Amino acid sequence: MPSSLPLLPLSDINSEKPRLIGIARLASEGQSLREGHNVEYFTLPSKSLLNRCASQRGMPFTWTINPYRGCEFGCRYCYARYTHEFMEMHDGMEFEQKIYVKQQAAGLLRHDLRRVKPDEAIALGTATDPYQPAERRYEITRGILEEFARHRGYELGIVTKSNMIVRDIELLKDVAKTNRLSVHITITTLDVELARILEPRAPRPDLRMDAVRELSQTGLRVGVSCSPVVPGITDSPKDLESVIRAAAEAGADYVFANPLFLKPCSAAVFLPFLEQNFPHLAENYRQRYKDRAFLPPAYAKRLSELVRRLRAKYKMTREDRRERSAFATKWPVQASDEQLNLF
């Protein structure tokens, strides 16, 4: 049950620290909703739901929507931990321990969609998972999809690691009737034990692949993202082929893979994780990621070529894809041809 407990203790509120502004102030005023297994949930008042993508990396979307701030899945490599820094939270672990629930999301989206031009794609779930455990209780993502179902002519891509998305199959079909929709399910490995180490609170990879199959069988456009490919851990040709083969067998329309990149806040969590679980890789990572988030293009080029060959082997190239004009999207085309940087 919601309480009136403030996020910040009174000792901090009354201290002489600089006054918080913007998103940091809104976060500090959020009300505690509940706690569980070291995770706290807070409300987050928002003035807008759509965010214009400011990346210089040629992303295949113009706008992003993140129903929550923070993500309970706790993926050790997660690049999005930096988003909590905007709220003056500089401990990378707080990203998975303090989850902020955006209020009045559907109403905000209704107003924000006026800003979207016909050729501008929208990505749902770029800095948080829209189907993380909080969604079972708060249903912010479901409310957003219900709003999209009332509109037509938009291009929407959903990114998730959760099989909870099958809960919304009928709603997704409604969205796809009048909009261009694609679902991108992230599966970095089929090794259940390895996934439990890398992505400790995300659903098992076999459950995610089952979700790919179920979405595909309903006629929705669904693909698999192998991103990030983690050097020395998930990047062997055998392991990548197992994921791509399983994706093809599950009926995925496409597959793509991007290599790991580490922002400083992510490295602060990931490098100690390597020391504990993959100590033989730790020094190599420290040297190669020193003073950079991306690594030179040689590794990326090899990875890109490997994935290209595997897509061809399992008939997942552009030419092989089924033509589904109702669900067509530019996402897989651009995503599979751009980026890639590493060891």
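Structure's up top.
On a predicted model such as this, the values are computed, not experimentally measured, just so you know.

A.B. asks: Mind showing me how you'd approach the overall build of the chain here?
C.D. replies: Helices and strands together make up the secondary structure of the chain, namely 14 helices and 11 strands. Relative to its 343 residues, the chain shows a buried fraction of 55%. Within the chain, contacts between residues at least 6 apart in sequence are counted, and of these 79% link residues at least 24 apart. A total of about 16000 Å² of accessible surface is found on the chain, and carbon and sulfur atoms cover 51% of it.

A.B. asks: I'm lost on the pattern of salt bridges in this one. Help?
C.D. replies: Note on pairing: side chains with opposite charge can pair once their charged atoms come close. Counted according to the given criterion, the structure contains 23 salt bridges. The salt bridge partner of Glu-146 is Arg-142, with a shortest N-O separation of 3.6 Å. Here the residue Glu-146 and the residue Arg-142 both occupy positions in helix α6 (residues 140-148), the gap between them amounting to 4 residues, near one helical turn. By relative accessible area, Arg-142 is classed as partly exposed at 25%. In this structure, Lys-313 and Glu-241 form a salt bridge, with 2.6 Å as the shortest nitrogen-oxygen distance. A residue pair is termed long-range when its members are at least 10 positions apart, and Lys-313 in helix α13 (residues 297-313) and Glu-241 in helix α10 (residues 237-249) qualify at 72 residues. Residue Lys-313 is classed as exposed on the basis of its relative accessible area, which comes to 53%. Since its relative accessible area comes to 18%, Glu-241 is described here as buried.

A.B. asks: When you look at helix α9 (residues 205-217) in this model, what are you seeing that I'm missing?
C.D. replies: Because an α-helix packs 3.6 residues into every turn, residues spaced three or four apart end up facing the same way. Its 13 residues give α9 an end-to-end C-alpha distance of 19 Å, which sits within 8% of 18 Å, the value for a rise of 1.5 Å per residue. Residues Pro-205, Arg-208, Met-209, Ala-211, Val-212, Leu-215 and Ser-216 constitute the buried set of α9. With its buried residues spanning 150° around the axis, α9 presents them on a single face. Gly-219 occupies a position one or two residues after α9 and carries a positive phi of about 95°.

A.B. asks: Explanation requested: unusual backbone geometry in the structure shown.
C.D. replies: With glycine set apart, most residues show a phi of negative sign, and most peptide bonds adopt trans. Across the junction of Ser-227 and Pro-228, the peptide omega takes the value -5°, indicating a cis bond. Note that Pro-228 resides in the loop between β10 (222-225) and α10. Its identity as a non-glycine residue notwithstanding, Glu-139 has a phi of 55°, on the positive side. Turning to its location among the elements, Glu-139 is positioned in the loop between α5 (134-138) and α6.

Rules used throughout
- Residues numbered from 1 in each chain as written.
- Predicted model: local features only at pLDDT ≥ 70, side-chain atom pairs only at ≥ 80, totals over all residues.
- Heavy atoms only, no water.
- Helix = DSSP H or I, 4+ residues; strand = E, 2+ residues; numbered from the N terminus.
- Buried < 20%, exposed > 50% of the residue type's maximum accessible area, 1.4 Å probe, protein only.
- Contact = heavy atoms within 4.5 Å.
- Areas by Shrake-Rupley, 256 points an atom, 1.4 Å probe, with all protein chains shown as cover.
- Salt bridge = Lys/Arg side-chain N within 4 Å of Asp/Glu carboxyl O.
- Expected span 1.5 Å × (residues − 1).
- Arc of directions from axis to C-beta.

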